[in-house]
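Each chain, letter by letter, is given below.
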Amino acid sequence: MRSRQRMFAAVMRLLLKCLRLGRRRRFRLVRQAEQLWHYGHLCLRSLLYNSFTNGDVVLDSLFEPVYWLVDHVTRWFGVVFVALVIGLTSSIVAIVYICLLPLILQTYTPAWICWHLAYGHWNLIMIVFHYYMAITTSPGHPPQAKNDLTGVSICRKCIAPKPARTHHCSICNRCVLKMDHHCPWLNNCVGHYNHRYFFSFCLFMTMGCIYCSISGWEMFRDAYAAIERMKLLEKERLQVAANQTYYQTPPPTFSFRQRAFHKSVVYLWVLCSSVALALGALTLWHAALITRGETSIERHINRKERQRLQKKGKVSIAHGTGTGWGRARRDAPLPVLQVFRNPYSYGSWDNWKVFLGVDVPRHWLTRVLLPSPHLPHGTGLSWDLPPCVMEQRAPLLAI
């Protein structure tokens, strides 16, 4: 009896020992899994941690594949876009010379004929000249020699000093002086040396499209009504032909020349009106930037900098002097808050004079209203006060 009790006690002790060992082993595996999890989480945070990370950085990182695709597609499709601009513009000019000009010479008065010939050819010359110059003129790049180059930062892609207002173009894979943007319709960057050509092309192209849309409105209405009448008569002719027997196909109601003329007028008006709306909005946008003395990139940078300084309380939100007196204690003035201003702005009027290169009054005719290949002020490496600016503006906030 005692032997059985001893054997039972020994078996129970062995079973408890096995259970205790299994529990320890299970707890050890769980503890190791937790340690591996915390270690991996720490490694991931250490690789991705950045004190400057915010919503914009995360959004840019998510869109980085899209940016890469756009850069490479734009690089290869630039020639296609240029050919498209030349082809569409040439088609409009051909329609005007072949279809509309004979009609103008037959129906308009001599005064209106002289006006259309003079303004139309002047506008066409300005469009062709500025588009050719915008395509063929280099926007300007920093020199390779870095001895006397004054740089405000280092380009992370070129690993070279980057002057003020210079930015790296990922499509051209080079730094561009006073870069505004890379234009696929030019297959070229818009920078210091061809910014005026680009804006002038947009302006004169918009003016030409508006001129064609206004001048051809009555012709467009007549042509559209004629096309609708052609469709109706063609439908009636086919119904009559279905009820009769012909040995051959009846001749068409309208000739090919009539159809081509009316469709060309409709095509001209629709294309010019569409381009006038789209390109006109872009021209107004760049005109506002020029008035403020900014480029498209600088507007984004200045807006971010203004918001950052406003959060720190270093600049005032209102466009004022930033001075005032407290209400609670009238004897103690409030801290002076400066107003953030673009350091490259000389005032609205002077910004236009600097951009267009107008030094004397006659330059408005010779350099603005007539084709002129004159160079812009400065070299794009330093931004001293241009000679056309008479006086220095109020002190700017140094950033």
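Keep in mind that what you see is a predicted model, and the values were worked out from it rather than measured.

Caption draft 1: Region of the structure containing the pattern of salt bridges. The full count for this structure, using the stated rule, is five salt bridges. A salt bridge links Glu298 to Arg165; the shortest N-O distance between them is 2.5 Å. Of this pair, Glu298 sits in helix H8 (residues 296-312) while Arg165 sits in the loop between strand S2 (161-162) and strand S3 (167-169); the two residues are 133 residues apart in sequence, bridging distant segments of the chain. Residue Glu298 shares its accessibility class with Arg165, and that shared class is buried. With its nearest N and O atoms 4.0 Å apart, the salt bridge here joins Glu228 to Lys231. Of this pair, Glu228 and Lys231 both sit in helix H6 (residues 217-243), three residues apart, which is roughly one turn of the helix.

Caption draft 2: Quick look at the confidence of the model for the protein. Residue-level pLDDT values for the protein average 80, and 75% of them are 70 or greater. Across residues 318-334 the pLDDT falls below 50, and counting only partners more than four positions away or on other chains, this stretch makes 18 contacts in the model. Note that residues 394-399 has pLDDT below 50 and, in this model, twelve contacts with residues that lie over four places away or in other chains.

Caption draft 3: View of the side chain of Ser200. Residue position: Ser200 is located in helix H5 (residues 195-215). Among the residues examined, Ser200 registers a relative accessible area of 7% and is labelled buried. Within the local environment of Ser200, its side chain forms a polar contact with the backbone oxygen of Arg196, the two atoms lying 2.9 Å apart.

Caption draft 4: Geometry of helix H4 (residues 110-136). With 27 residues, H4 extends 39 Å from end C-alpha to end C-alpha; this agrees with the ideal 39 Å at 1.5 Å per step. Within H4, burial applies to Ile113, His116, Tyr119, Asn123, Met126, Ile127, Phe129, His130, Tyr131, Met133 and Ala134.

Caption draft 5: A look at unusual backbone geometry. You will see that Lys178, though not glycine, has its phi angle at about 45°, which is positive. Locating Lys178 in the fold gives a position in the loop between strand S4 (174-176) and strand S5 (181-183). Its identity as a non-glycine residue notwithstanding, Asn187 has a phi of 55°, on the positive side. Relative to the helices and strands, Asn187 is located in the loop between S5 and strand S6 (188-190). On the accessibility criterion, Asn187 (33% relative accessible area) is partly exposed.

Caption draft 6: Looking closely at the nonpolar core. In this structure, Tyr131, Leu186, Phe198, Phe201, Met205, Leu268 and Cys272 are the most contacted members of the largest nonpolar core, which totals 39 residues. Where this core is concerned, the elements lending two or more residues are helix H3 (64-107), H4, H5, H6 and helix H7 (256-292). Residue contributions to this core peak at nine residues, all from H5. Beyond its immediate stretch of four places on either side in the chain, Met205 contacts Thr89, Ile127, Val275 and Leu279. Membership of the second largest hydrophobic core comes to seven residues, among which are Ile290, Phe355, Leu356 and Val358.

Caption draft 7: Quick look at a nonpolar patch on the surface. On the surface, Trp68, Leu69, Val73, Trp76, Phe77 and Val80 cluster together into a nonpolar patch covering about 680 Å² of accessible area. Mapped onto the secondary structure, Trp76 falls in helix H3. We classify Trp76 as exposed; its relative accessible area is 67%.

Procedures and definitions
Residues numbered from 1 in each chain as written. Predicted model: local features only at pLDDT ≥ 70, side-chain atom pairs only at ≥ 80, totals over all residues. Heavy atoms only, no water. Salt bridge = Lys/Arg side-chain N within 4 Å of Asp/Glu carboxyl O. Helix = DSSP H or I, 4+ residues; strand = E, 2+ residues; numbered from the N terminus. Buried < 20%, exposed > 50% of the residue type's maximum accessible area, 1.4 Å probe, protein only. pLDDT = per-residue confidence, 0-100. Contact = heavy atoms within 4.5 Å. Polar contact = N/O pair within 3.5 Å; in protein donor to acceptor, adjacent residues only side chain to side chain. Expected span 1.5 Å × (residues − 1). Core = buried A, V, L, I, M, F, W, Y, C linked by side-chain atoms within 4.5 Å. Patch = residues over 30% accessible without salt bridge, like charges linked within 9 Å, V, L, I, M, F, W, Y side chains within 5 Å. Areas by Shrake-Rupley, 256 points an atom, 1.4 Å probe, with all protein chains shown as cover.

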